[in-house]
Amino acid sequence: MKRLVSLVLTLALALSLTVPALTVPALAAEDGNPPLWQEYGFTSREECVREWFGGDEAAYQAEADALLERQRWEAGMAGEIAAFDADAYWDSDECWQRWVYGSKESFMEAWELKSQEDFRQCVLESWLDDQWEAYEEATLVERTLRDMGGVPGQVGVMLDGTYISFTGGALPEVREGRTMVPCGPVLKAFGGTVGHDGEDVVYTQEGRTLRFRAGGDTVAVTGADGTEEVIRLDVPCYVKNGATYIPVRFFAEAMGCDVQWDSVFHTAVLLRRDRIVETLDSQFTVLNRMLSAMERDASKNYKTVVKMDAQMTLLDSINGDKSYGANADLELLQSGSVWNLTAKMDLSALLEIPELVEELTPLELLTARSILRNMACKVIYDGEGGMLYVQLPAMSLLTGGAVDKNGWMAMPVITLETVEARGAVTVGAMLYDTMAAAAWDSGYYYDGKATPARLYRELMDTAGQMAAFLGDGCFQESGGYSVLRYDEAAYNDALEQEYGEGAAEYFGEFEKLELELKVARSGSATFKAVVQNKAGYWDDPVILLDVSGSLSAAKMDMKLLLKVKNQLDLTLRYTAATTATREQPLTAPPAGEPVTSLDEGIYGEEDLLPDILPEEAAAA
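Within each chain, residue numbers correspond to sequence positions counted from 1 in written order. In view of the model being predicted, local features appear only for residues whose pLDDT reaches at least 70, and side-chain atom pairs are presented and counted only at 80 or more, with totals across whole chains, interfaces and linings using the full set of residues. Each side-chain value is worked out from all heavy atoms of the structure, with water and hydrogens disregarded.

### Topic: the overall build of the protein chain
Helix and strand assignments come from DSSP, with helices taken as H or I runs of at least 4 residues and strands as E runs of at least 2, each series counted from the N terminus. Across its full length, the protein chain holds 22 helices and 27 strands. Throughout, a residue-residue contact means that at least one pair of heavy atoms, one from each residue, lies within 4.5 Å. Relative to all contacts within the protein chain whose residues are 6 or more apart in sequence, the contacts with residues 24 or more apart total 55%.

So, in structure tokens, the structure goes:
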């Protein structure tokens, strides 16, 4: 239940990012020459900000800064501009206008260019645009690094989004695949004190002491409780330029940091996950109260029984509406990161839909009916061992008996052991772990790409955007509940503030929008959402979604109605009840039941399925 709710909440958080965030006005700063407001035909900066940027001073300044940078760049291109040969550029493969218009005369006529100078100025602007784009791409990494506070050409060390400053000749370096750093600036950045005792460097932080020396490959650690431990380093410390160099990964991990290397920005990225998650979670105490209520005792086993009933009605005003039902029963047995799932479904009503069966042969229809009437599935997941086992009896029919109906398919998967060990599921933890996984070091960069060095800033920005719509400030206390309501009026207000007056009418996409989340002091919650889009201009269907329900650690109920105008109605009822149990989930299939590794393949080869189904093979 907890993981299901966590997934739903993660999706809700991701969807919240699609709603425009409010901007923060900035003070007036530098402008271009001529200034941006004059380029746009306004009489003053204030008028331009008000009329063109909807009152957003920060947006104006960002564009003015870009204009100023472009003007400075063009000033440095004075020699190339003076020597620019318009006719030679026209004859080159770089000139897109020649490919469109064919001849210079046709181009000049279409663009109403009266003289050679007009022609030169026009294609010069096109050439400058191409050169500027190439310049921006070539300098993107350096500009981004400077913006983050790094020093181009220098190995950097970043702690929680801030580059550590190194002075004098002692700078970080990469030696034999290890990032080695002067110990003083790095250790002080963690808030402790650095001293010397003879040849030893002594670092103390919050009652904990680390003692090491140049040339040594061990660190003596004395805990706050007095316990002592000697840890061996994989590379020795050394002295260079008057500073003792240490392997940054070892010491950062000893301080509880996640450590990543960003090869794009040549930076060792140190992140104190616990501190960051605490900062993020400070904005989401209401949602975390709900998640906390879902927490379970790790020493106990739990069984969740799920029932789902669905009915789909295809609308037909001439021949009459037709309804089709389906149901499913699921049982989830869980203990920590080990769980077993048993599912039984009746989907045979789908075969009554003519469009789904019109191309099936009688044999295929008989096989499909047999499969869908009693669709069964069993899953065993061993999160600690990193193995997933699936038993799907239908595979025996689909493979002509090549798969035993009682057989299991085995596959290795990513373990949840690390995730389980990282503590409670909170908004901040989900946000951190999700974005940290996405910010992997790929070795290349484009504007806005998530990399380890940009992760901290992206986390804070994303959390700020989420908090604008899901944070504590969005909830109102009422009758023992923390209540979040969001409707079409609030959405339209956000559009108006982001894009200016009239934006709601132009950009608004909802005919109906009503969202409500009520979280009790106990952490149990009720939710409701009604969303209907406006009719589109390209025959996009009008869709109404109406979903409501309640959830707690022991139970979840949900009703869903989906309407596609003049096409179908779909109703779904979902209930789940969780209780503690003495039953123990399996970590592998029972002894004696056949297990096939997907690495081996069902047919003893790499392919899971043959190129054609058994009945087709017989016909051939």
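Structure's up, so let's keep going.
### A short note on the pattern of salt bridges
Salt-bridge detection follows one rule: a side-chain nitrogen of Lys or Arg within 4 Å of a carboxyl oxygen of Asp or Glu. Summed over all chains, the structure comprises 29 salt bridges. The salt bridge partner of Lys563 is Asp569, with a shortest N-O separation of 3.2 Å. Taking the relative accessible area as the measure of exposure, Lys563 reaches 31% and is therefore partly exposed. Ionic contacts of the salt-bridge type, sharing partners, join the residues Asp197, Glu199, Asp200, Arg211 and Arg213 into one network. Note on classification: 1.4 Å probe, protein chains only; a residue is buried when its accessible area is under 20% of the maximum for its type, exposed when over 50%, partly exposed between these limits.

### Details of the pairing of strand β12 (residues 258-262)
Strands pair, by our definition, only if DSSP identifies at least two bridges between them. When β12 meets strand β13 (residues 267-271), the two strands line up antiparallel, connected through five bridges. From the neighbouring strand, Trp261 faces β13, where its bridge partner is Ala268. The antiparallel hairpin formed by β12 and β13 contains four residues in its connecting segment, where His266 sits at a positive phi of about 50 degrees.

### Observations concerning the sheet that holds β12
What the four strands build is an open sheet, ordered β2-β1-β13-β12; its pairing is mixed. Here the strands that pair on one side only, and so sit at the sheet edges, are β2 (162-163) and β12. By the bridge criterion, four bridges tie strand β1 (residues 156-159) to β13 in an arrangement that is parallel. Counterpart to Val157 in the pairing with β13 is Ala268.

### Comments concerning the pairing of strand β9 (residues 228-232)
Among the five residues that make up β9, zero are buried, leaving the element largely open to the surroundings. As judged from the five bridges shared by strand β8 (residues 218-222) and β9, these two strands associate in the antiparallel manner. Looking at the pairing, Thr218 lines up with Arg232 of β9. Hairpin remark: β8 followed by β9, antiparallel, with five residues in the connecting loop; positive phi at Gly226, about 90 degrees.

### Thoughts on helix α20 (residues 488-499)
Working note: α-helix, 3.6 residues per turn, so residues spaced by three or four point in the same direction. With twelve residues, α20 should cover 16 Å at 1.5 Å per step; its first-to-last C-alpha distance of 16 Å lies within 8% of that length. For α20, the full list of buried residues reads Tyr491, Asn492, Ala494 and Leu495. Viewed along the axis of α20, the buried residues span an arc of 155 degrees, placing them on a single side of the element. At its buried positions, α20 is contacted by β21 (481-487), α21 (503-507) and β22 (510-520). The backbone nitrogen of Ala489 has a side-chain oxygen 3.2 Å away, supplied by the residue at the start of α20, namely Asp487. Once α20 ends, the next one or two residues include Gly500, with phi positive near 100 degrees. Between the first and last residue of a helix there are one fewer steps than residues, each counted as 1.5 Å, and that sum is the expected span. Here the arc refers to the set of directions running from the helix axis out to each C-beta atom. Any pair of N or O atoms that falls within 3.5 Å is considered a polar contact. Within protein, one atom must be able to donate a hydrogen and the other to accept it, and sequence-neighbouring residues count only if both atoms are side-chain atoms.

### Here's the deal with the environment of Trp111
Secondary-structure assignment places Trp111 in the loop between α8 (104-110) and α9 (116-148). Separated by eleven residues in the primary sequence, Trp111 and Cys122 have C-alpha atoms spaced 9.1 Å apart. Excluding anything up to four places from it in sequence, Trp111 contacts Trp96, Tyr101 and Cys122.

### Quick word on the confidence of the model for the protein chain
A residue's pLDDT is the confidence the predictor assigns to it, expressed on a 0 to 100 scale. Averaged over all residues, the pLDDT of the protein chain is 86; the fraction at 70 or higher stands at 89%. Contacts of residues 1-28 to residues separated by more than four positions or lying in other chains number 62 contacts, the stretch itself having pLDDT below 50.

### Re the sheet that holds strand β10 (residues 238-240)
One open sheet accounts for four strands, arranged β3-β4-β11-β10; its pairing is antiparallel. Two strands close off the open sheet at either side, each with one partner strand: β3 (173-175) and β10. The mean angle between the axes of side-by-side strands here comes to 40 degrees, regardless of whether they run parallel or antiparallel. Here β10 runs beside strand β11 (residues 243-247); their pairing, made up of three bridges, is antiparallel. Here the axes come from fitting lines to C-alpha atoms, over the contacting stretch only for helices, and the angles between their N-to-C directions go from 0 to 180 degrees.

### Here we look at the packing of aromatic side chains
Stacked, edge-to-face and tilted labels apply to pairs of Phe, Tyr and Trp rings (six-membered ring for Trp) whose centres lie within 6.5 Å, assigned for plane angles under 30 degrees, over 60, and everything in between, in that order. According to the stated counting rule, one finds 21 aromatic pairs in the structure shown. Between the aromatic rings of Phe107 and Trp111, the centroid separation amounts to 5.2 Å while the plane-to-plane angle is 45 degrees, which identifies the pairing as tilted. Assessed through its relative accessible area of 38%, Trp111 is described here as partly exposed. With a centroid separation of 5.1 Å and 10 degrees between ring planes, the pair formed by Tyr238 and Tyr245 is classed as stacked. A relative accessible area of 1% places Tyr245 in the buried class.

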